[in-house]
Each structure stands twice: as structure tokens, then as C-alpha cells.
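Per-entry structural report
Take a look at the letters that make up each chain.
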Amino acid sequence: MTLKPPHPPTSLALTSQLTPLHQCSYLPDRAARLELIELAKDERLDTPIFSQFSRLGYRRSGQHLYRPVCFHCQRCISTRVVVNEFEPNRTQRKLWQKSHEMDVVITACDDADESHFMLYARYICARHSDGDMYPPNLQGFKQFLQYSFTQSFFMEFWLHDELVMVAVCDQLDDGISAVYTFYDPDAAINSLGTLAILTQIDYVKRLGLPYLYLGFWVPDSDKMAYKSRFYPSELLINQQWHRFDEVVTAAQVEPLLQQAIKAHYLNMWNTT
């Protein structure tokens, strides 16, 4: 099945632009380029339209939609978990038992306050001091995680009346999209990021919807390896969703990526 771009409401004209080539944040030896669509603060996309963008491989960052357009590489692969068929492994089951010690509260992004920013700042300083979000600042936090043009929410995790983790999510008509998760780097419970995904899977199941969108999985990036541990999964390659019933590996997707690269350049050749 070939996916086609959605049609936004007639009152909203969306335009995209390509970023200059820059160093890839996942694979530093490669060049990257993004397609960006920026929405003004007073512009919104309703859930069905935004959901179709997600099915096409776009992600949201603040007021931007974006997706990689690195046709020479194509290793940033949109991935989603088939939640109704997901079965946690032994390690995930043990971690899920610890979730009962925590209270999970759904709040609006607009309700974020100083406690959310301070938790975010501690997380960035401890885990991503070499990234482009360091040093953390309040305006950057608002632009990245608080501002949204669609139906977004915070999934808060509380332990003994202390906020220890926040998972920022976007509501879709076929599930939710995991936007970003930040947590207390000194929390007593380990593997909080995995616990957030398990909770999001459970949340989507309770909604009666099929998918949790996890963003991009990059086969050659150790940072993204954790996403392959949640399956069955579906990966978007060459505008088609491909299902994998076990832990997916780089070797399994490589033939599909090579086919996608060839198809792109054959199409370019045939249209010139």
C-alpha cells in the first residue's frame, strides 16, 4: 500500500522546506537533511489530519512537523508497536511489576510548571550534555515540549509524591505518538525509559487503539537499539509498513533499504 500525503483543512496552507545538509545526530559519519513544516502558534491540526502525517513518517517537535529526507541512506525508520499483540519479555515483566509503586497522571502540556522544567533540566545535564539541547533553558523547554498544534499531553510518573518522569505524547486516531521522555537521573527505579514505553503500550490498549508510535529506529545506532525490543513492530520503509514479529535486526531491514534507495534513484532517472 502506497501512502499519500493528507489534505489539511482549506483554511490552513502548509508549506515545507528542506534544511541544509548537516551532520547526522545518529550516524555522525553521514550527512542528513530534514523536511520541515512549521505551524504558527494559532494554527492547529486536528487529530485525523495529524495522524495521517504520522502514518507518513512525520514527527512533531514543538510547532514543527519533520521527517528525514536522506534518500542516500534511509536509515531513520519510523516504527510503531502493535500493542494488542505485544507480550513483555521476562525483564520487562519484572520492571512492569515495579510500576505499581508509581502513580501515573495525565495532564495538559499547558499545565507544565517549574517542577517539570527542573526535572527536564536535570535530565539534559546528566544524560545529554553533549547534545544540542544543552544547556537547558526554559524557552527551549516550552518550544520543544509545551507548545503543540495538536492534541498533546504529559504522562506524569509520581513516586512517593515526587515527580520522577514525564512522557510527552501526541494523541492519534490509531494510537499515541511518544514524543519525548525525561526523568530523574537519580531515581530509585532503574530503566525508567522502558517503563514509560510499557505504560504507553498499556494506555493505548485501554483506549482500544492499535499502535504506539516510537519515532525513528536507526539500525546502526546503539542509542536506538532499545526500540527493537518491543514487538510485534511495523517499520515504514519506502512508504510501506513492514511487520516484524521478533526483535528486528539491521540485517533483516538492509535488503528493504537497498530496494528503497534503488527505487528512488530509478524514479529520478525516469523523470529526467
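Some points on the packing of aromatic side chains
Each aromatic ring pair is characterised by the separation of its centres together with the angle its planes make. Tallying each qualifying case throughout the model produces 15 aromatic pairs. Ring plane angle 35° and centroid distance 6.4 Å describe the contact between phenylalanine 117 and tyrosine 120, whose orientation is recorded as tilted. Here phenylalanine 117 pairs with tyrosine 120, and both are found in helix 3 (residues 114–127), just 3 residues apart, close to one helical turn. For the pair formed by phenylalanine 117 and tyrosine 120, the shared burial category is buried. The aromatic ring of tyrosine 211 is capped on one face by arginine 80, whose charged end is 3.8 Å from the ring centroid.

Considering a nonpolar patch on the surface
The grouping of Phe71, Tyr265 and Met268 at the surface amounts to a nonpolar patch, some 290 Å² of accessible area in total. Checked against the element boundaries, methionine 268 lands in helix 6 (residues 250–270). Residue methionine 268 is classed as partly exposed on the basis of its relative accessible area of 40%.

Topic: a negative patch on the surface
Taken together, the side chains of Asp110, Asp111, Asp113 and Glu114 define an acidic patch exposed on the protein surface. Note that glutamate 114 resides in helix 3.

Some thoughts on the sheet that holds strand 6 (residues 64–68)
Taken in spatial order, the 4 strands of this open sheet run 1-4-6-5, and their pairing is antiparallel. Each edge of the sheet is formed by a strand with only one pairing partner; in this case those strands are strand 1 (16–18) and strand 5 (59–61). For this sheet, the mean inter-axis angle between neighbouring strands, taken without regard to orientation, is 30°.

The rules we used
- Residues numbered from 1 in each chain as written.
- Predicted model: local features only at pLDDT ≥ 70, side-chain atom pairs only at ≥ 80, totals over all residues.
- Heavy atoms only, no water.
- Phe/Tyr/Trp six-rings, centres within 6.5 Å; stacked < 30°, edge-to-face > 60°.
- Helix = DSSP H or I, 4+ residues; strand = E, 2+ residues; numbered from the N terminus.
- Buried < 20%, exposed > 50% of the residue type's maximum accessible area, 1.4 Å probe, protein only.
- Lys NZ or Arg CZ within 6 Å of the ring centre and 35° of its normal.
- Patch = residues over 30% accessible without salt bridge, like charges linked within 9 Å, V, L, I, M, F, W, Y side chains within 5 Å.
- Areas by Shrake-Rupley, 256 points an atom, 1.4 Å probe, with all protein chains shown as cover.
- Salt bridge = Lys/Arg side-chain N within 4 Å of Asp/Glu carboxyl O.
- Lys, Arg positive; Asp, Glu negative; His and termini not counted.
- Charge placed at Lys NZ, Arg CZ, Asp CG, Glu CD.
- Pairing = 2+ DSSP bridges.
- Axes fitted to C-alpha atoms, helices over the stretch in contact; angles between N-to-C directions.

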